[in-house]
Amino acid sequence: MNQPKSQSSLDCSEAEWQARIDLAASFRIVAHYGMSDLANGAIAARVPDQPDHYLVHPYGMFWEEATASAMIKIGPDGQPVDPEGPWLNDGVQNLCQWILGSRTDANFFVHGHEEEVMAVGSIEDGILPLSQPAVYLGNITGYIEYEFEEDEEFGAHFIQTLAQHQILISRNHGYYALGETAAEAFFRAYFLRQTCSTQIKTLSMGRKLHLIDPQKVARYQDQMARSEHYNYNGKTEWAGLVRLLDKRSPDYKT
């Protein structure tokens, strides 16, 4: 039986190893909540002590299989540091360059294809102010048209559209949720799905919508940004999510 790899066998720093653990945890947590898409989508992290290098997953890995040692390091050009490494998803290689390469405030991102987000991203209205998480997400979310061919022109457009948004919904496709930490990126991805699920259920009732007043939305968003009573970066929940993993699938740390 193959022995699990460790930090020493990878010859990486303590900071990189922790980033690998956080990234593997992100994959497992997203899978736990039914937010993965077979081997598709992506989660990636910046290497803390090599900020122009990034950690990605080998293509074909299911998210519930993620381990710290399985993550692949790529350079600023999107190419693997080890050219003999496993097959990578060229989409996530591009995203690392466009997202982490242009946004120094982001160290993790989640790119998902949840059905609820695809559905809401496929109507012109996008997210409507129908719930508390919709209020939270309203002023940090942008939209971009879906393109299948990700050439340099699209990359430049992606970076420009991303700007200072923390979430970008790709019309008819999916989303990109950024975070300074793994916890923050997951928090935003989780509540984006909840927002879209609530909206779909509300619209399905065929009744007159009761939208939250725009002035209240703006005031609540300001209060959320300055809140001293709740962490809108996933910090409150992350420790519990890690405890869940440590009980159910501690091998993510290997």
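Scanning the chain for helices and strands turns up nine helices and seven strands. Taken over C-alpha atoms, the radius of gyration comes to 18 Å for the chain, in line with the 18 Å a tight globule of 254 residues would show. In terms of overall dimensions, the chain has a C-alpha envelope of 60 × 45 × 30 Å along the principal axes. The contacts of the chain with a sequence gap of at least 6 include a subset with a gap of at least 24, amounting to 68%. Accessible surface, the chain as shown: approximately 13,200 Å² in total, 49% of it carbon and sulfur. Within the chain, one finds 20 positive and 34 negative side-chain charges whose respective centroids are separated by 12 Å.

Before going further, it helps to examine helix H8 (residues 214-225). The end-to-end C-alpha distance of H8 is 17 Å, a good match for the 16 Å that twelve residues give at a rise of 1.5 Å each. Every buried residue belonging to H8 is among Val217, Gln221 and Met224, and all of these are buried. All buried residues of H8 project into a common sector of 65° when viewed along the axis, lining one side. Residues of H8 that are buried in the fold lie against helix H5 (132-138). Between the side-chain oxygen at the start of H8 and the backbone nitrogen of glutamine 215 there is a gap of 2.9 Å, and the oxygen is on aspartate 213.

Moving on, we get to unusual backbone geometry. Of note, the phi angle at leucine 38 is positive, near 50°, even though the residue is not glycine. Its location among the elements puts leucine 38 in the loop between helix H2 (14-32) and strand E1 (42-47). We note that alanine 163 has phi near 45°; this positive angle belongs to a residue other than glycine. Of note, alanine 163 is situated in the loop between helix H6 (152-162) and strand E6 (167-170).

Moving on, we get to the sheet that holds strand E5 (residues 141-144). A sheet is described by the order of its strands in space; here seven strands give the open sequence E3-E2-E1-E4-E7-E6-E5, paired in mixed fashion. Taken across any chain shown, the strands that pair with only one partner, and hence form the sheet edges, are strand E3 (72-74) and E5. Direction aside, neighbouring strands of the sheet carry axes that sit 20° apart on average. As judged from the four bridges shared by E6 and strand E7 (residues 174-179), these two strands associate in the antiparallel manner. Bridging across to E7, isoleucine 167 finds its partner in alanine 177. Where helix H3 (residues 90-100) meets the sheet, it contacts E1, strand E2 (50-56), E3, strand E4 (108-112) and E7, and its direction lies at approximately 135° from that of E4. Contacts between H6 and the sheet are confined to E5, E6 and E7, with E5 contributing the most and set at about 155° to the helix.

For the rest of this paragraph, the subject is the pairing of E6. Taking every second residue as pointing to the same face, both faces of E6 are buried, with Ile167 and Ile169 on one and Leu168 and Ser170 on the other. The pairing of E5 with E6 spans four bridges and is classified as parallel. Each residue of the ladder has a partner; that of threonine 141, found in E6, is isoleucine 167. This β-α-β element, E5 to H6 to E6, shows right-handed connectivity. Following E6, the chain reverses through three residues before pairing antiparallel with E7; asparagine 172 in that reversal takes a positive phi of roughly 65°.

It is worth spelling out the packing of aromatic side chains at this point. One pass over the full model with this rule turns up 15 aromatic pairs. Ring plane angle 45° and centroid distance 5.8 Å describe the contact between phenylalanine 186 and tyrosine 190, whose orientation is recorded as tilted. Taken together, the residues phenylalanine 186 and tyrosine 190, both in helix H7 (residues 182-204) and four residues apart, mark about one turn of the helix. The class for tyrosine 190 is partly exposed, based on a relative accessible area of 26%. Ring pairing ties together the aromatic residues Tyr33, Tyr136, Phe186, Phe187, Tyr190, Phe191, Tyr230 and Tyr232, which thus form one cluster.

Each value, and the rule that gives it
- Residues numbered from 1 in each chain as written.
- Predicted model: local features only at pLDDT ≥ 70, side-chain atom pairs only at ≥ 80, totals over all residues.
- Heavy atoms only, no water.
- Helix = DSSP H or I, 4+ residues; strand = E, 2+ residues; numbered from the N terminus.
- Rg over C-alpha atoms; globule rule 2.2 N^0.38 Å.
- Contact = heavy atoms within 4.5 Å.
- Areas by Shrake-Rupley, 256 points an atom, 1.4 Å probe, with all protein chains shown as cover.
- Lys, Arg positive; Asp, Glu negative; His and termini not counted.
- Charge placed at Lys NZ, Arg CZ, Asp CG, Glu CD.
- Expected span 1.5 Å × (residues − 1).
- Buried < 20%, exposed > 50% of the residue type's maximum accessible area, 1.4 Å probe, protein only.
- Arc of directions from axis to C-beta.
- Polar contact = N/O pair within 3.5 Å; in protein donor to acceptor, adjacent residues only side chain to side chain.
- Pairing = 2+ DSSP bridges.
- Axes fitted to C-alpha atoms, helices over the stretch in contact; angles between N-to-C directions.
- Right-handed = clockwise from strand over helix to strand, strands pointing away.
- Phe/Tyr/Trp six-rings, centres within 6.5 Å; stacked < 30°, edge-to-face > 60°.

Everything listed here is a matter of geometry and, on its own, says nothing about what the molecule does.
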